[in-house]
Amino acid sequence: MAAKTRRSEASSSSSGGGRGVTVVVDWGRRLGSCGYCSSPSRTSVSHGLWAHSITVDDYQDLLDRGWRRSGCFLYKPKMEKTCCPSYTIRLKAIDFVPSREQLRLSRRMQRFLDGTLEMKDSGEVREDPNRSKSTCNCICHDGSGLGRNEPVAGKNEKNGVEHITKHLSDQVDNVVHTCIEHGEFPSTLQLPKAVVKRVSQSKRKLLVEGAEELVYSSNIAFQIAATISRAQLTEKDAKQVTENGALSAKIIAEKLANSLHQLAQSNGLTIRACNGHINFYSTATEASSAEGAQVVSGCEESATGCKRKGCCRRMTSKHPQDKKRRLEIHLNRSSFDLKEFELYRRYQMKVHNDAPDHVTEFSYRRFLVDTPLVPVSPSGDGRVPPCGYGSFHQQYVIDGQLVAVGVVDILPRCLSSKYLFWDPDFAFLSLGKYSALQEIGWVKENQIHCPTLQYYYLGYYIHSCSKMRYKAAYCPSELLCPLRYKWVPFDTAKPLLDRKPYVVLSDFALLENEGRLQPWSSEVAAAHSENDDEGLNDIPLDDDEEMMESEFESSDDELEAEASGQPSVTEGGDVCNILIGLKGAHVRYKDLQRAIGPNDRRYLESQLRRYKRVVGSELSERIVYSLG
């Protein structure tokens, strides 16, 4: 018997801005067409719940059991039956290591903002022909160690920005080794190498009333702190840490910044520690003059540290200030915005070839605006980030034009990326991938305000879908085991997924027993391509999809337990403590069951047991399962 897929009018006892209460209705099985493999039949099978309201804590716990939301509809793939098994994927932001492609993508965006990358009307791009081809052989680059007598103007960024940042990174590494020799850092650990990066113009902050500007930064202190905290230290090292105090990222950054004082003087830079980051500043006059030149980054950065500032500026002044572009990123609470809807409509029709009559305001609101999450306001006690918790739209605006919108949920332990849509004219900027880098950076920055906020969730990873494989490029990532809800490193899970689309990831011991595993399907492997769809994440619920009442069949957990010969890890069984909502009242099922007839009770209890298995025992006692 089918249950109608609509939101219940059940009342919620949540208070605006408070922690609230989670109320769900219409439990069942969702059956519909697949948005990933485009199967003509209804092969996508998942558990489903309509949520009237849900607290951020409860939704965080549901994410960690494989659930996602599409508007107010919560769903979890029925892994052994659905056509495209979907695994929750996440990344610990502080451990993120960008690939060369991701670094090139960031530099491409910076060149576009600097005005050295132009966009034609057709959407194609070209390098600005007015770029200076002059070279700079000034003597100050010979003595500073930043130029090594090489001409830098007009060359690519390896001869400029990367040359400077490599020099600064090497100096930071030297100071780290000195700290190890002096016993300030544990001596038995292999600490990560420092990476100093240029700070993009859109993120630079003027300090001391405009006297200085941030141009380079390194997060090596966070990486060292994380390495020490994860390592199993020897007694001697533990004693060192105790004697020197807790080695937090902030303390480590201050140690390194103090030791780098001499480097700062020799290169005309000021170095300071700021909330765990090591920041390199130049005077605002020098920085603005160099940026005003508007040439390839290599010469801009050389001019920043150059002792004969007029030399570099004089040879690279062909780009006027009006060539530069300004990128602004705004984070707003989820609400309907006409400009956002118009951009979404254009994106869906041009990128996904949706018919105009399918991209309606109603479907957009239901998919990306409506949210059951109870918003939480900033508390100021270090447990909530400055923006608060809840559902947000992150707008990317270039020179006043809305070019992309990222729909995200900000939760106690993560930022969960839901969907990204962008202006097709700006496809050359790879805004989907760029926004992911920005969201990872946001998590890092806000971890200072909220220490529990550590992870970036990228939605579902589908190994059999080439459009979704790009998510594994954000390293090091983890996949959620669909049976035991343990996180497994992607590198461990990949050989298992190469063999077949649905596996119990926590059984990675199979790799050791069976050796190298072959791809599960040569046809599927051959079909994989590099043409990923970076904006594709969650799939909207189609109007013709149905949610069926759960059938009397074995669950994922039971099937896997039988196949492996292990005890069942299901969480059904006793349903007495499930929280039931009935006519505005919230009661435990044990207090209600005597009022229900035998036949109705048998049916309801079978439903409640299946509900308890997929949401978990703890959540079933917190979430209100509404009966009307």
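Residues numbered from 1 in each chain as written. Predicted model: local features only at pLDDT ≥ 70, side-chain atom pairs only at ≥ 80, totals over all residues. Heavy atoms only, no water.

The cut-off we apply is this: UniProt positions are given in the numbering used here, feature names are shortened, and annotations may be inferred rather than shown by experiment.
An unreviewed UniProt entry annotates the protein chain as Arginyl-tRNA--protein transferase originating from Rhizophora mucronata. Heading Catalytic activity (unreviewed entry) of the UniProt record for the protein chain holds this comment: "an N-terminal L-alpha-aminoacyl-[protein] + L-arginyl-tRNA(Arg) = an N-terminal L-arginyl-L-aminoacyl-[protein] + tRNA(Arg) + H(+)". Per its UniProt entry, the protein chain bears the Sequence similarities (unreviewed entry) comment "Belongs to the R-transferase family."

## Regarding the packing of aromatic side chains
Threshold: Paired rings are identified among Phe, Tyr and Trp, the last through its six-membered ring, by centres lying within 6.5 Å, and are further divided according to the angle between planes into stacked (under 30 degrees), edge-to-face (over 60) and tilted (the rest). Only DSSP runs of H or I with at least four residues qualify as helices, and only runs of E with at least two residues qualify as strands; both kinds are numbered from the N terminus onward. The buried label goes to any residue with under 20% of its type's maximum accessible area, the exposed label to any with over 50%, and the partly exposed label to all in between, with areas taken from a 1.4 Å probe on protein chains only.
Using the criterion set out here, one finds 19 aromatic pairs in the structure. Taking 5.4 Å as the distance between ring centres and 70° as the angle between the ring planes, the aromatic pair formed by phenylalanine 112 and phenylalanine 428 counts as edge-to-face. Taken together, the positions of phenylalanine 112 in helix 2 (residues 100-114) and phenylalanine 428 in the loop between strand 17 (414-422) and helix 14 (431-446) put the pair 316 residues apart, joining distant regions of the chain. Accessibility assignment for this pair places phenylalanine 112 and phenylalanine 428 in one class, buried.

## Here's the deal with the side chain of serine 334
We apply this condition: By definition, residues are in contact when any of their heavy atoms lie within 4.5 Å.
The residue serine 334 is located in the loop between strand 14 (327-333) and helix 12 (338-351) in this model. Apart from residues no more than four positions distant in its own chain, serine 334 is found in contact with Leu368, Val369, Thr371, Ser391, Phe392 and His393.

## Concerning the environment of leucine 368
Here leucine 368 shows up in helix 13 (residues 361-369). Since its relative accessible area comes to 1%, leucine 368 is described here as buried. It is 5.8 Å that separates the C-alpha atoms of leucine 368 and glycine 71, two residues lying 297 residues apart in sequence. Apart from the residues lying within four places of it in its own chain, the contact partners of leucine 368 are Ser334, Tyr344, His393, Val407, Lys418, Tyr419 and Phe421.

## Notes on the pattern of salt bridges
Selection criterion: Whenever a carboxyl oxygen of Asp or Glu lies within 4 Å of a side-chain nitrogen of Lys or Arg, that contact is scored as a salt bridge.
Inspection of every chain in the model, using the stated rule, returns 14 salt bridges. Arginine 365 is the partner of glutamate 361 in a salt bridge, and the nearest nitrogen-oxygen pair spans 3.0 Å. Taken as a pair, glutamate 361 and arginine 365 lie in helix 13 at a separation of four residues, close to a single helical turn. Overall, glutamate 361 belongs to the partly exposed group, its relative accessible area being 35%. Exposure remark for arginine 365: the relative accessible area of 32% places this residue in the partly exposed category. Ionic contacts of the salt-bridge type, sharing partners, join the residues Asp58, Asp61, Asp64, Arg413, Glu618 and Arg622 into one network.

## Remarks on the nonpolar core
Our working definition: By nonpolar core is meant a set of buried Ala, Val, Leu, Ile, Met, Phe, Trp, Tyr and Cys residues that side-chain atoms within 4.5 Å join together.
Core analysis: the largest hydrophobic core is formed by 102 residues, its most contacted members being Tyr344, Phe421, Tyr474, Leu479 and Leu505. Filtering out sequence-adjacent residues up to four positions away, leucine 505 remains in contact with Tyr87, Leu479, Leu480, Cys481, Pro482, Val488, Ala493, Leu496 and Leu497. In terms of nonpolar packing, the next biggest core, distinct from the first, is built from 32 residues, Ile220, Ile252, Ala253 and Ile271 among them.

## Quick word on the sheet that holds strand 6 (residues 87-92)
Keep this limit in mind: Pairing between strands requires that DSSP locate at least two bridges from one strand to the other. Note on geometry: axes are lines fitted to C-alpha atoms, helical ones only across the stretch in contact, with angles between N-to-C directions running from 0 to 180 degrees.
Read from one edge of the open sheet, eight strands run 14-15-16-17-18-6-19-20, paired in mixed fashion. Because the sheet does not close on itself, it has two edges, and the strands there are strand 14 and strand 20 (487-489). Recorded for the sheet is a direction-independent mean angle of 30° between the axes of neighbouring strands. Alignment of strand 16 (residues 401-410) against strand 17, held across seven bridges, turns out to be antiparallel. Bridge assignment links isoleucine 410 to a residue of strand 17, and that residue is leucine 415. Contacts from helix 15 (residues 490-499) reach strand 6, strand 18 (455-461), strand 19 (477-480) and strand 20, with the element oriented near 85° to strand 20.

## With respect to the pairing of strand 22 (residues 579-582)
Within a regular strand, side chains alternate between the sheet's two faces. Bridge count for strand 22 against strand 23 (residues 585-588) is four bridges, and the pairing is antiparallel. By the bridge assignment for strand 23, glycine 581 is matched with histidine 586. In textbook terms, the turn of a hairpin is the stretch between consecutive antiparallel strands, and for strand 22 and strand 23 this stretch comprises two residues, one of which, lysine 583, has a positive phi near 55°. For strand 22 and strand 24 (residues 624-626), the ladder comprises two bridges, and the chain directions are parallel. Pairing of isoleucine 580 across the sheet is with tyrosine 625, part of strand 24.

## A short note on unusual backbone geometry
A cis amide bond links cysteine 475 to the next residue, proline 476, at an omega of -5°. Mapped onto the elements of the fold, proline 476 is located in the loop between strand 18 and strand 19. One non-glycine residue with positive phi stands out, namely asparagine 275, at about 50°. The phi angle at aspartate 399 is positive, at roughly 50°, despite the residue not being glycine. Of note, aspartate 399 is situated in the loop between strand 15 (390-398) and strand 16.

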